[in-house]
Amino acid sequence: MIRTLVVDDDFRVSRIHCDYASRVTGFEVVGQAATVDAALDAVRTLHPDLLLLDIFLPDGSGLDVLRRLSGDEGGDRPDAIMITADRDITSVRTAMKLGAVGYLVKPFGAPDLAERLTAYRELQHRMDALGTVPETDQADVDALFSAARPPAVPRVPAKGHSAPTLALLHQTLRTTHDALSAAEAAERTGVSRATAQRYLSYLVKEGMVRLELRYGATGRPEHRYRAAH
């Protein structure tokens, strides 16, 4: 489980983000903080792996949290995804320089956050898989950088389809070695099986996903889906 700390000065928003993150497979919300000082204390006591970090805090900036953690010699610094209404390009550049692994602009919905968290989870899985290898090659490096980014999907999809949900399903397939059934894709992304089936069919039509038929001893073949790399 990826231990996650939510840092936001608005308690209601913080609870919503906790709920969003808790729905994503592999993530456990271990705490909340509303100030810079509280966030730093929570990092040192709860040892989260990931921060969902707002920039606007009562006693400073979420960027200050990253700066102070970078100078803290008392252990590994958690990763951070910025979740903020701050659209200033200077803030974006600063967050990147300070090592933030993502930047999500408010307001956003559960699928938008799930898309980023899924990409982050798959990045961690890939890094763990390579952890015992003394050296890596360019293909592995490219795969790591690719896993860190949400996939490109049509931002204005067909009527009745949500771009974040399309991205979430495509990202899940793209970072999974085996082809998935609609039921398996639904379980991994938290959407219903019917929704997964409908979106996967759309992705097949767009050429972003391949449909594979798995034949058993009897009955109809099983439909399975794989990202078209």
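This report concerns the structure included in the present document.

What counts and how
- Residues numbered from 1 in each chain as written.
- Predicted model: local features only at pLDDT ≥ 70, side-chain atom pairs only at ≥ 80, totals over all residues.
- Heavy atoms only, no water.
- Helix = DSSP H or I, 4+ residues; strand = E, 2+ residues; numbered from the N terminus.
- Buried < 20%, exposed > 50% of the residue type's maximum accessible area, 1.4 Å probe, protein only.
- Pairing = 2+ DSSP bridges.
- Core = buried A, V, L, I, M, F, W, Y, C linked by side-chain atoms within 4.5 Å.
- Arc of directions from axis to C-beta.
- Contact = heavy atoms within 4.5 Å.
- Polar contact = N/O pair within 3.5 Å; in protein donor to acceptor, adjacent residues only side chain to side chain.
- Axes fitted to C-alpha atoms, helices over the stretch in contact; angles between N-to-C directions.
- Parallel < 35°, antiparallel > 145°, perpendicular 65-115°, else oblique.
- Left-handed = near helix turned anticlockwise from the far one by under 90°.
- Nonpolar A, V, L, I, M, F, W, Y, C, P; charged D, E, K, R; others polar.

What follows deals with the overall build of the protein chain. Tallying secondary structure elements over the protein chain gives nine helices and nine strands in all. Taking all 229 residues of the protein chain together, the buried fraction comes to 45%.

Burial along strand 3 (residues 50-53) is two-sided: L50 and L52 facing one way and L51 and L53 facing the other are all buried. Bridge analysis of strand 1 (residues 2-7) against strand 3 gives four bridges, and the strand direction is parallel. Bridged to V7 within strand 3 is L53. Inspection of the sheet shows strand 3 paired to strand 6 (residues 79-84) by four bridges, in the parallel sense. In the sheet register, L53 faces strand 6, and the bridge partner there is M82.

If you look at the biggest cluster of nonpolar residues, it comprises 22 residues, and the most contacted ones within it are V7, L51, L53, V65, L66 and M82. Counting only elements with at least two residues in this core, the list comes to strand 1, helix 2 (36-46), strand 3, helix 3 (62-70) and strand 6. Core analysis: the second largest hydrophobic core is formed by 19 residues, C18, I81, I83 and A114 among them.

Now for helix 4 (residues 89-97). Within the span of helix 4, buried status applies to S91, T94 and A95. Projected down its long axis, helix 4 shows its buried positions confined to an angular sector of 100°, all on one face. Residues of helix 4 that are exposed and point more than 90 degrees away from the buried face comprise I89, M96 and K97. Each element contacted by the buried residues of helix 4 is listed here: helix 3, strand 6 and strand 7 (102-105). Between the side-chain oxygen of the N-cap and the backbone nitrogen of T90 there are 2.8 Å, and the N-cap of helix 4 in question is D88. In the segment just after helix 4, G99 is the residue with positive phi, at about 95°.

Here we come to the packing of helix 2 against helix 3. Relative orientation of the contacting elements helix 2 and helix 3 amounts to 40°, with a least axis distance of 10 Å. Judged on the interaxial angle alone, helix 3 and helix 2 are oblique. Pair helix 2 / helix 3 crosses with right-handed handedness. When helix 2 is examined against helix 3, the residues V36, D37, A39, L40 and V43 are found in contact with a partner set consisting of V65, R68 and L69.

Okay, the packing of helix 1 (residues 11-22) against helix 5 (residues 110-129) next. Packing of helix 1 against helix 5 brings their axes to within 9 Å, and their N-to-C directions diverge by 55°. By the angle between their directions, the pair helix 1 and helix 5 is classed as oblique. Crossing handedness for the pair helix 1 and helix 5: right-handed. Contacts between helix 1 and helix 5 involve H17, Y20 and A21 from the former and A110, L113 and L117 from the latter. Split into classes, the residues belonging to the contact of helix 1 with helix 5 amount to five nonpolar, one polar and no charged.

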